[in-house]
Amino acid sequence: YHQTEGLSTRMIRNAVKHALALLPEQVKDPIPYSIRMQHHLCELRYALEQIHFPDSMESKEIAKKRLVFEELFTLQLGLLELKYRKKQETSLPPFIDYSNEFFQLLPFAPTGAQKRAISEAMADMTNPKNRKPMSRLVQGDVGSGKTAVAAALCYSVIKNGVQAALMAPTEILAQQHHASISNILKDTGISVGLLTGSVTPAKKRKLLEQLQDGSIQMVIGTHALISETVAFQNLGLVITDEQHRFGVRQRATISKKGENPDVLVMTATPIPRTLALILYGDLDISIIDELPPNRKKIDTFAVTKSMEERVNNFIRKQIDEGRQVYVVCPLVEETEEIDAKAVLELSEKYKNELFKNYRVEYLHGKMRPKEKDAIMQEFKEGNIDILISTTVIEVGVNVPNASIMIVENAERFGLAQLHQLRGRVGRGEYKSYCILKYNSKSDVVKKRMQTMQETNDGFVIAKKDLELRGSGEFFGTKQHGLPEFKIANLFEDMPILKLVQSLAIKIEQEDAKLELKKNKPLKILINKKFSGRIEI
């Protein structure tokens, strides 16, 4: 239990002692007796006593196993119930698949993995027997071409007479999607709208009218799309990009704007499949596991302070050849004030000392969206040589001419985030580099830097990240609207995780609504765990 000001370990210990003394003689156990017997799990009362005041190391482990099992088991059952509910929703008319027609519009041939993801999603939507709304997650590494997958599905459903919405986490990403998808669909007669916070009131009014009367068939926007004023004529497909930036609730809010629309969730955060099944247990999963043939491998170097001058000379050389550079400042604290200060200090140093003859600009979270977008636009157009920024640039923005990503104090970032940042470069025809500056002698930091140098595979990196940091940090589960883990660790407890997954599926098959007498306590526990987070 976390201590806080005025709350010492001794006080926590005494409070726990009193709480345990107040337990009734017979504590109601939510896990059915038959499951406890089969998997050698102790009773709840024994587990609570021994996890706090163990008689021995062995009894502590027995208690821990039982509590981890319960935590993962109830999470799994809750997610399966969500999935079951979706499957119970009214049947929809099957769509016709127009994806082959869409491929003719692309200026490139889609990869096998892109085609597979599209056909898995289309199989959900064209199912002639008792068709249910699609709920699918598309996972693809940075630059694997998820936008083309989204565009193919939108094209298909619009040809079937319904509207599509794509929600992105930032204005600039929404604008980028809008520009690239409008370009692909320019000769098809499909009207694509853009709705973000900076759209003028007059334009917004017109757009909202066109969405309602159906003359705009596709809209791309930020979370402005979930505001109450937005209504559709017949919303048939909802796509959310970078799902980890949106909670489960936001996904549900936009879905409510249609009659059981199909839902696709896209993420570039690679998650090991077993984990994805937990965090997105209410979704089916498609994986895009190959990069388009023109993507170049990015060389990564982890360096210490002693290499500073060499790095700066390398930056000058690249700019003189016409390239551009990102410099990312670390998260100093979780406050944008202090992060902004770090960015300003570094940009002063770059402008006045290190790179006097070059065009240096900065970007941070405290700036207004309009300012951020204007600077990003300037960078895209090649009018800025070095862009110093916080992690606001990590998601999706495409600047083909940028060939170097410098990360200051790289030890302060998780591997998955470093991998996302690295994916900002290598998007054009030029050889690209990622330079991780770190300032730490710790073995864990060195191992993490080594991982980044050795592999460009997001899934390998995600696995390593979990191993080195544990699941708590790897995923802010809060953002998912899922219950927090109090004792389970998704990496260490993988064997239990796999066990409860198969067990939960078995229970769901025989008693999906948990109405049998033996499963009633489980039902109560799940409702309590998920209450206020997701409607179960």
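Since the structure is predicted, the reported quantities are computational estimates derived from the model, not experimental observations.

Caption draft 1: Main features of the environment of L79. Secondary-structure assignment places L79 in helix α4 (residues 57-88). With a relative accessible area of 1%, L79 lands in the buried category. Each C-alpha atom of the pair L79 and L283 lies 9.0 Å from the other, and the pair is 204 residues apart in sequence.

Caption draft 2: Here's a closer look at the packing of aromatic side chains. Under the defined criterion, the tally for this structure stands at seven aromatic pairs. On the basis of an interplanar angle of 35° and a centroid distance of 4.9 Å, the ring pair of Y350 and F355 is categorised as tilted. In this pair, the class of Y350 matches that of F355, namely buried. Seen in terms of ring centroids, F355 and Y358 are 6.2 Å apart; in terms of plane orientation they differ by 65°. Their pairing is edge-to-face. We note R323 situated over the ring of Y430; from NZ or CZ to the ring centre the distance is 3.5 Å.

Caption draft 3: Just the pattern of salt bridges, in detail. All chains considered together, the criterion is met by 18 salt bridges. Salt-bridge contacts for R136 lead to E120; the nearest nitrogen and oxygen are separated by 3.8 Å. Highlighted residues: R136 in strand β1 (residues 135-140) and E120 in helix α6 (residues 112-126), separated in sequence by 16 residues. Here R136 falls in the buried class, since its relative accessible area comes to 8%. For D299, the salt bridge is made with K431, and the minimal N-O distance between the two is 3.2 Å. You can see D299 sitting in strand β8 (residues 299-303) and its partner K431 sitting in the loop between α15 (415-422) and β13 (433-437), a full 132 residues away along the chain. A network of salt bridges, in which partner residues are shared, links D29, R36, R66 and E70.

Caption draft 4: Fine view of the sheet that holds strand β2 (residues 163-167). Strand order in this open sheet of seven strands is β3-β4-β2-β5-β6-β1-β7, and the pairing throughout is parallel. Either end of the sheet is taken by a strand with one partner, and the two such strands are β3 (192-195) and β7 (284-288). Going across the sheet, the axis of each strand differs from the next one's by a mean of 20°, ignoring polarity. By the bridge criterion, five bridges tie β1 to β7 in an arrangement that is parallel. Bridging from a neighbouring strand, G140 pairs with I288 of β7. Where helix α7 (residues 146-159) meets the sheet, it contacts β1, β2, β4 (218-221), β5 (235-241), β6 (262-267) and β7, and its direction lies at approximately 175° from that of β5.

Caption draft 5: Local environment of the confidence of the model for the protein chain. This prediction gives the protein chain a mean pLDDT of 85; 87% of its residues lie at or above 70. Of the regions scoring below 50 in pLDDT, residues 472-481 engages in 28 contacts with residues more than four places distant in sequence or in other chains.

Caption draft 6: Inspection of helix α19 (residues 494-510) at higher detail. With 17 residues, α19 should cover 24 Å at 1.5 Å per step; its first-to-last C-alpha distance of 25 Å lies within 8% of that length. Of all the positions in α19, only M494, I496, L497, V500, Q501, L503, A504 and I507 are classed as buried.

Caption draft 7: How the structure looks around the sheet that holds strand β10 (residues 360-363). What the six strands build is an open sheet, ordered β8-β13-β12-β9-β11-β10; its pairing is parallel. Of all strands in the sheet, those bounded by a partner on one side alone are β8 and β10. Averaged over all neighbouring strand pairs, the angle between strand axes comes to 20°, with direction disregarded. Contacts from α15 reach β8, β9 (324-328), β12 (402-407) and β13, with the element oriented near 155° to β12.

The rules behind each value
Residues numbered from 1 in each chain as written. Predicted model: local features only at pLDDT ≥ 70, side-chain atom pairs only at ≥ 80, totals over all residues. Heavy atoms only, no water. Helix = DSSP H or I, 4+ residues; strand = E, 2+ residues; numbered from the N terminus. Buried < 20%, exposed > 50% of the residue type's maximum accessible area, 1.4 Å probe, protein only. Phe/Tyr/Trp six-rings, centres within 6.5 Å; stacked < 30°, edge-to-face > 60°. Lys NZ or Arg CZ within 6 Å of the ring centre and 35° of its normal. Salt bridge = Lys/Arg side-chain N within 4 Å of Asp/Glu carboxyl O. Pairing = 2+ DSSP bridges. Axes fitted to C-alpha atoms, helices over the stretch in contact; angles between N-to-C directions. Contact = heavy atoms within 4.5 Å. pLDDT = per-residue confidence, 0-100. Expected span 1.5 Å × (residues − 1).

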